[in-house]
Amino acid sequence: MPSKIMAIAAHPGDALFTMGATVAQHIHNGGGGVFVSLSLGEKGAPKNISVAEYGAMQRTATEKAAKMLGAEAVLLTYPDAEIPLNDQIVFAVCDLIREHKPAIIVTHWSGSWHKDHQNCHMIVRDAVFYAGLGTIARALPPHNPGKTFYADNWEDATNFQPDTYLDITPVCEKWLEACDLYPMWRGQTGFFRYNDYYRSLAVMRGCLSGFKYAVALMTDPNQRLYKVRSLG
Ligand SMILES: [Zn+2]
């Protein structure tokens, strides 16, 4: 059975802009994909749009973008900028992992200035642990995803050291179209030029890896332990 990848982000923009091409490529390769956002990113609302209205726009954009890429979308509604770090949210993510049974998780790297991103990193770390632990009784049986990767995010750049390059050439244009469904992509809601940054990043990572377009990922340091009987 083809494996499933689950992207877990603090905000919908992070899910699509920094993890979307990875999910799209996994689906293109025959697997399945699901985007999980812990919040709607509603507090990024520009002055002329209410927070509630902007949250609804973010939801609509994410559902459309996921559909365009052939993925599922799960939008949780923890408050943007105030995503908590507690067992309730960890169990909510644990249950999603048990339900969707991903073989691969992509999420935020811990080296972020943004507290929601830092919390998401730790929530996922603990949710993966709980999801795989048979002695934690939940409605669904345990599931261990096996692999975790961290996404290349301009806000999570401290000590981000990519070690895995994924060729996204077949899905790059479709992924960029999906990102364009978000008002923030072209800078309508803030100062940052997401469109220019992530498009250029795909080119730059492609240059470094010998692909036309690529994303760079970082494996969990705990995954980098090799136990071998021979080095040759
Ligand atoms: Zn974010």
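Now for a quick tour of the structure. (Residues numbered from 1 in each chain as written. Predicted model: local features only at pLDDT ≥ 70, side-chain atom pairs only at ≥ 80, totals over all residues. Heavy atoms only, no water.)

### Structural notes on the pattern of salt bridges
Line of reasoning, step 1. Within this structure, the stated rule accounts for nine salt bridges.
Line of reasoning, step 2. Put simply, Arg-224 and Asp-163 hold a salt bridge, and the shortest N to O gap is 3.3 Å. In this pair, Arg-224 sits in the segment after β7 (214–219) while Asp-163 sits in the loop between β5 (147–151) and β6 (164–167), placing the two residues 61 residues apart along the sequence.
Line of reasoning, step 3. Take Arg-224: its relative accessible area is 36%, and that puts it in the partly exposed class. (Salt bridge = Lys/Arg side-chain N within 4 Å of Asp/Glu carboxyl O. Helix = DSSP H or I, 4+ residues; strand = E, 2+ residues; numbered from the N terminus. Buried < 20%, exposed > 50% of the residue type's maximum accessible area, 1.4 Å probe, protein only.)

### Regarding the state of the cysteines
Put plainly, two cysteines are in a disulfide when a covalent bond ties their sulfur atoms together.
Line of reasoning, step 1. Summed over the entire model, instances satisfying the criterion amount to zero disulfides.
Line of reasoning, step 2. Of the cysteine sulfurs around Cys-172, a residue in no disulfide, the closest is that of Cys-179, at 9.1 Å.
Line of reasoning, step 3. Overall, the relative accessible area of 1% leaves Cys-172 in the buried class. (Disulfide = S-S within 2.5 Å.)

### A short note on the nonpolar core
Generally speaking, nonpolar side chains in soluble globular proteins are found buried as a group.
Line of reasoning, step 1. Within the largest apolar cluster, 41 residues are counted, with the highest numbers of intra-cluster contacts made by Leu-16, Phe-17, Phe-35, Ile-168, Trp-175, Tyr-182 and Trp-185.
Line of reasoning, step 2. For this core, the secondary-structure elements that each account for two or more residues are β1 (4–9), α1 (12–28), α2 (51–69), β4 (104–107), β5, α5 (172–179), α6 (194–209) and β7.
Line of reasoning, step 3. Looking at which element gives the most residues to this core, the answer is α1, with eight residues.
Line of reasoning, step 4. Once residues within four sequence positions are removed from consideration, Phe-35 is found in contact with Ala-7, Ala-15, Leu-16, Met-19, Gly-20, Val-23, Ala-66, Leu-69, Ala-71, Glu-72, Ala-73 and Val-74. (Core = buried A, V, L, I, M, F, W, Y, C linked by side-chain atoms within 4.5 Å. Contact = heavy atoms within 4.5 Å.)

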